[in-house]
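A closer look at the structure
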Amino acid sequence: MKKLLIVFHSMTSGTFQMAQAAASGAQSEPDVAVNLIHAGEAGANELLEADGYIFATPENLAMMSGVMKDFFDRTYYAAIDRIVGRPYATLICAGSDGENAARQIQRIATGWRLKPIAEPIIVCTYAQTPDEILAKKQIGEFDLQRCEEIGLALGIY
Ligand SMILES: Cc1cc2nc3c(=O)[nH]c(=O)nc-3n(C[C@H](O)[C@H](O)[C@H](O)COP(=O)(O)O)c2cc1C
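The structure contained in this document is the topic of the report that follows. (Residues numbered from 1 in each chain as written. Predicted model: local features only at pLDDT ≥ 70, side-chain atom pairs only at ≥ 80, totals over all residues. Heavy atoms only, no water.)

**Thoughts on the layout of surface pockets**
Roughly 320 Å³ of volume is contained in the largest pocket. Glu59, Asn60, Ala94, Gly95 and Ile133 are, among the 18 residues lining the largest pocket, the residues nearest its centre. Contributing elements (two or more residues each) for the lining of the largest pocket: helix H1 (14-27), strand S3 (52-60), strand S5 (87-94) and helix H5 (130-134). No other element matches the 3 residues that S3 contributes to the lining of the largest pocket. Taken together, the residues that form the lining of the largest pocket break down as 7 nonpolar, 8 polar and 3 charged. (1 Å grid on protein atoms, 1.4 Å probe; cavity = no way out; pocket = protein on both sides within 12 Å on 5 of 7 lines; lining within 4 Å. Points joined across faces, edges and corners; volume = space filled by probe spheres on them. Helix = DSSP H or I, 4+ residues; strand = E, 2+ residues; numbered from the N terminus. Nonpolar A, V, L, I, M, F, W, Y, C, P; charged D, E, K, R; others polar.)

Listed below in C-alpha coordinates is the structure:
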(Lines give C-alpha, C1' and ligand atoms only; values in the text may rest on other atoms or scores of the structure.)
Protein backbone atom coordinates (compact mmCIF):
# COMPACT_ATOMS: atom_id res chain seq x y z
CA MET A 1 0.00 0.00 0.00
CA LYS A 2 1.43 3.37 -1.04
CA LYS A 3 0.84 6.28 1.36
CA LEU A 4 0.24 9.77 0.01
CA LEU A 5 0.29 12.70 2.43
CA ILE A 6 -1.62 15.82 1.38
CA VAL A 7 -0.94 18.76 3.68
CA PHE A 8 -3.16 21.78 3.07
CA HIS A 9 -4.16 25.12 4.45
CA SER A 10 -7.07 27.20 3.20
CA MET A 11 -8.88 30.32 4.44
CA THR A 12 -11.71 30.53 1.95
CA SER A 13 -11.91 26.92 0.74
CA GLY A 14 -10.22 27.18 -2.67
CA THR A 15 -7.04 25.31 -1.71
CA PHE A 16 -9.11 22.81 0.26
CA GLN A 17 -11.14 21.95 -2.84
CA MET A 18 -7.91 21.52 -4.83
CA ALA A 19 -6.47 19.25 -2.14
CA GLN A 20 -9.69 17.22 -2.01
CA ALA A 21 -9.60 16.78 -5.79
CA ALA A 22 -6.01 15.56 -5.61
CA ALA A 23 -7.02 13.13 -2.86
CA SER A 24 -9.88 11.75 -4.93
CA GLY A 25 -7.55 11.33 -7.94
CA ALA A 26 -5.07 9.36 -5.83
CA GLN A 27 -7.84 7.30 -4.27
CA SER A 28 -8.97 6.12 -7.67
CA GLU A 29 -5.96 3.79 -7.44
CA PRO A 30 -6.79 0.81 -5.24
CA ASP A 31 -3.35 0.53 -3.63
CA VAL A 32 -3.07 4.12 -2.45
CA ALA A 33 -3.91 5.32 1.07
CA VAL A 34 -4.37 9.09 1.31
CA ASN A 35 -3.83 11.17 4.43
CA LEU A 36 -5.45 14.55 3.72
CA ILE A 37 -4.54 16.69 6.71
CA HIS A 38 -4.71 20.36 7.74
CA ALA A 39 -1.25 21.92 8.03
CA GLY A 40 -1.98 22.90 11.61
CA GLU A 41 -2.46 19.26 12.55
CA ALA A 42 0.36 17.71 10.51
CA GLY A 43 3.77 17.01 11.96
CA ALA A 44 7.00 15.18 11.22
CA ASN A 45 5.48 11.75 11.89
CA GLU A 46 3.05 12.19 9.02
CA LEU A 47 5.93 13.13 6.71
CA LEU A 48 8.11 10.21 7.75
CA GLU A 49 5.43 7.60 7.29
CA ALA A 50 4.36 8.73 3.79
CA ASP A 51 5.82 7.70 0.44
CA GLY A 52 4.94 10.92 -1.39
CA TYR A 53 3.57 14.41 -0.74
CA ILE A 54 1.28 17.12 -1.97
CA PHE A 55 1.69 20.54 -0.37
CA ALA A 56 -1.33 22.80 -0.94
CA THR A 57 -1.50 26.42 0.17
CA PRO A 58 -3.03 29.77 -0.71
CA GLU A 59 -0.69 32.60 -1.61
CA ASN A 60 -1.15 35.28 1.04
CA LEU A 61 0.89 38.50 0.95
CA ALA A 62 3.15 37.02 -1.72
CA MET A 63 3.99 34.03 0.46
CA MET A 64 2.68 30.62 1.35
CA SER A 65 0.13 30.99 4.16
CA GLY A 66 1.43 31.39 7.70
CA VAL A 67 -0.13 28.12 8.82
CA MET A 68 1.63 26.27 6.00
CA LYS A 69 4.92 27.96 6.87
CA ASP A 70 4.46 26.94 10.49
CA PHE A 71 4.08 23.31 9.34
CA PHE A 72 7.41 23.50 7.51
CA ASP A 73 9.08 25.29 10.45
CA ARG A 74 7.96 22.54 12.81
CA THR A 75 8.98 19.66 10.58
CA TYR A 76 11.95 20.78 8.47
CA TYR A 77 14.81 19.59 10.67
CA ALA A 78 12.94 16.58 12.02
CA ALA A 79 12.51 15.27 8.48
CA ILE A 80 15.77 16.35 6.86
CA ASP A 81 17.84 13.47 5.44
CA ARG A 82 15.00 11.05 6.25
CA ILE A 83 12.70 11.60 3.25
CA VAL A 84 15.31 12.02 0.50
CA GLY A 85 14.19 11.18 -3.04
CA ARG A 86 10.47 10.91 -2.31
CA PRO A 87 8.14 12.45 -4.92
CA TYR A 88 6.06 15.57 -4.34
CA ALA A 89 3.81 18.11 -6.03
CA THR A 90 2.55 21.56 -5.10
CA LEU A 91 -0.90 23.14 -5.38
CA ILE A 92 -1.31 26.90 -5.00
CA CYS A 93 -4.56 28.85 -4.86
CA ALA A 94 -3.95 32.53 -5.55
CA GLY A 95 -5.86 35.69 -6.33
CA SER A 96 -3.76 36.66 -9.32
CA ASP A 97 -0.17 35.46 -8.87
CA GLY A 98 0.94 32.46 -6.79
CA GLU A 99 4.47 32.20 -8.18
CA ASN A 100 6.28 33.16 -5.01
CA ALA A 101 4.41 30.70 -2.81
CA ALA A 102 5.27 27.98 -5.34
CA ARG A 103 8.92 29.06 -5.32
CA GLN A 104 9.09 28.99 -1.53
CA ILE A 105 7.78 25.44 -1.35
CA GLN A 106 10.14 24.39 -4.11
CA ARG A 107 13.11 25.68 -2.08
CA ILE A 108 12.03 23.80 1.02
CA ALA A 109 11.48 20.61 -1.00
CA THR A 110 14.91 21.04 -2.58
CA GLY A 111 16.38 21.24 0.93
CA TRP A 112 14.65 17.98 1.76
CA ARG A 113 15.91 16.60 -1.58
CA LEU A 114 12.41 15.60 -2.66
CA LYS A 115 11.70 14.90 -6.31
CA PRO A 116 9.11 17.11 -8.09
CA ILE A 117 6.82 15.05 -10.31
CA ALA A 118 5.28 18.08 -12.06
CA GLU A 119 5.34 21.85 -12.26
CA PRO A 120 3.30 23.48 -9.45
CA ILE A 121 -0.39 23.87 -10.22
CA ILE A 122 -1.38 27.49 -9.62
CA VAL A 123 -5.09 28.30 -9.72
CA CYS A 124 -6.06 31.98 -9.74
CA THR A 125 -9.46 32.93 -8.36
CA TYR A 126 -9.20 36.55 -9.56
CA ALA A 127 -10.64 37.95 -6.35
CA GLN A 128 -9.78 41.67 -6.27
CA THR A 129 -11.85 43.53 -3.70
CA PRO A 130 -11.72 42.79 0.05
CA ASP A 131 -15.23 41.31 -0.12
CA GLU A 132 -14.26 39.02 -2.99
CA ILE A 133 -11.03 37.98 -1.30
CA LEU A 134 -12.81 37.08 1.92
CA ALA A 135 -15.66 35.23 0.16
CA LYS A 136 -15.80 31.45 -0.12
CA LYS A 137 -14.21 30.29 -3.38
CA GLN A 138 -15.50 27.79 -5.93
CA ILE A 139 -12.78 26.17 -8.01
CA GLY A 140 -13.87 25.29 -11.54
CA GLU A 141 -14.09 21.79 -12.96
CA PHE A 142 -11.12 22.22 -15.31
CA ASP A 143 -8.77 23.15 -12.46
CA LEU A 144 -10.15 20.49 -10.15
CA GLN A 145 -9.43 17.95 -12.83
CA ARG A 146 -5.81 19.13 -13.06
CA CYS A 147 -5.50 18.58 -9.31
CA GLU A 148 -7.10 15.15 -9.60
CA GLU A 149 -4.56 14.21 -12.26
CA ILE A 150 -1.67 15.27 -10.04
CA GLY A 151 -3.07 13.14 -7.22
CA LEU A 152 -3.37 10.18 -9.55
CA ALA A 153 0.16 10.75 -10.91
CA LEU A 154 1.60 10.70 -7.39
CA GLY A 155 -0.46 7.67 -6.48
CA ILE A 156 0.93 5.63 -9.34
CA TYR A 157 4.48 7.06 -9.22
C1 LIG B 1 -4.30 38.32 3.53
C2 LIG B 1 -4.38 37.88 2.10
C3 LIG B 1 -3.32 38.15 1.26
C4 LIG B 1 -3.35 37.75 -0.08
N5 LIG B 1 -2.25 37.96 -0.86
C6 LIG B 1 -2.23 37.48 -2.12
C7 LIG B 1 -1.04 37.59 -2.90
O8 LIG B 1 -0.01 38.07 -2.47
N9 LIG B 1 -1.06 37.09 -4.17
C10 LIG B 1 -2.19 36.51 -4.71
O11 LIG B 1 -2.16 36.07 -5.86
N12 LIG B 1 -3.33 36.39 -3.97
C13 LIG B 1 -3.37 36.84 -2.69
N14 LIG B 1 -4.50 36.69 -1.92
C15 LIG B 1 -5.69 36.06 -2.51
C16 LIG B 1 -5.78 34.57 -2.15
O17 LIG B 1 -4.64 33.88 -2.57
C18 LIG B 1 -7.01 33.99 -2.85
O19 LIG B 1 -8.17 34.57 -2.28
C20 LIG B 1 -7.09 32.47 -2.75
O21 LIG B 1 -8.23 32.04 -3.45
C22 LIG B 1 -7.15 32.01 -1.30
O23 LIG B 1 -7.15 30.60 -1.25
P24 LIG B 1 -8.10 29.85 -0.18
O25 LIG B 1 -9.50 29.99 -0.72
O26 LIG B 1 -7.63 28.44 -0.16
O27 LIG B 1 -7.93 30.52 1.13
C28 LIG B 1 -4.50 37.09 -0.58
C29 LIG B 1 -5.58 36.81 0.29
C30 LIG B 1 -5.51 37.21 1.61
C31 LIG B 1 -6.67 36.89 2.53
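Still more ground to cover, so stick around.
**Overview of the packing of aromatic side chains**
Taken as a whole and assessed by the stated rule, the structure comprises 10 aromatic pairs. Between Phe8 and Phe16, the ring centres sit 5.0 Å apart and the planes meet at 40°, which makes this aromatic pair tilted. Phe16 gets classed as partly exposed once you look at its relative accessible area, which sits at 29%. With a centroid separation of 5.6 Å and 20° between ring planes, the pair formed by Tyr76 and Trp112 is classed as stacked. Taken together, the residues span a long stretch of sequence, with Tyr76 in helix H3 (residues 66-79) and Trp112 in helix H4 (residues 99-112) at a distance of 36 residues. (Phe/Tyr/Trp six-rings, centres within 6.5 Å; stacked < 30°, edge-to-face > 60°. Buried < 20%, exposed > 50% of the residue type's maximum accessible area, 1.4 Å probe, protein only.)

**Looking at the pairing of strand S2 (residues 32-38)**
Sheet topology places strand S1 (residues 2-8) next to S2; 7 bridges connect them, and they run parallel. In the sheet register, Leu5 faces S2, and the bridge partner there is Asn35. In the classification by handedness, the crossover that spans S1, the intervening H1 and the parallel S2 is right-handed. (Pairing = 2+ DSSP bridges. Right-handed = clockwise from strand over helix to strand, strands pointing away.)

**A closer look at the pattern of salt bridges**
Taken as a whole, this structure holds 4 salt bridges when the rule is applied. The closest approach of N and O atoms between Arg74 and Asp70, which form a salt bridge, is 2.8 Å. Here Asp70 and Arg74 lie together in helix H3, a separation of 4 residues that amounts to about one turn. On the basis of relative accessibility, which here comes to 35%, the residue Asp70 falls in the partly exposed class. (Salt bridge = Lys/Arg side-chain N within 4 Å of Asp/Glu carboxyl O.)

**Section: the site of the ligand**
Around the ligand, the structure places 20 residues, and the nearest of them are Ser10, Thr12, Thr15, Glu59 and Ala62. Here an oxygen atom of the ligand sits 2.7 Å away from a polar atom, N or O, in the side chain of Ser10. Between the ligand and Gly14, the relevant distance is 2.8 Å, taken from an oxygen atom to a main-chain nitrogen or oxygen of the residue. Alone, the ligand offers 640 Å² of accessible surface; in the complex the protein occludes 84% of this. When each cavity is represented as a set of grid points, the ligand is found to reside in the largest pocket. Broken down by element, the residue count for the shell around the ligand peaks at 3 residues, all from S3. (Near = heavy atom within 4 Å. Polar contact = N/O pair within 3.5 Å; in protein donor to acceptor, adjacent residues only side chain to side chain. Areas by Shrake-Rupley, 256 points an atom, 1.4 Å probe, with all protein chains shown as cover. Sits in = over half its atoms within 2 Å of the grid points.)

**Some words on a nonpolar patch on the surface**
Together, Met11, Ile133 and Leu134 give the surface a local cluster of nonpolar side chains, amounting to about 330 Å² of exposed area. Ile133 gets classed as partly exposed once you look at its relative accessible area, which sits at 43%. (Patch = residues over 30% accessible without salt bridge, like charges linked within 9 Å, V, L, I, M, F, W, Y side chains within 5 Å.)

**Considerations on unusual backbone geometry**
The phi angle at Leu61 is positive, at roughly 55°, despite the residue not being glycine. Relative to the assigned elements, Leu61 resides in the loop between S3 and strand S4 (63-64). Phi angles above zero are rare outside glycine, and Arg113 is one such case at about 60°. Structurally, Arg113 is set in the loop between H4 and strand S6 (115-116). When its relative accessible area of 48% is taken as the criterion, Arg113 is described as partly exposed.

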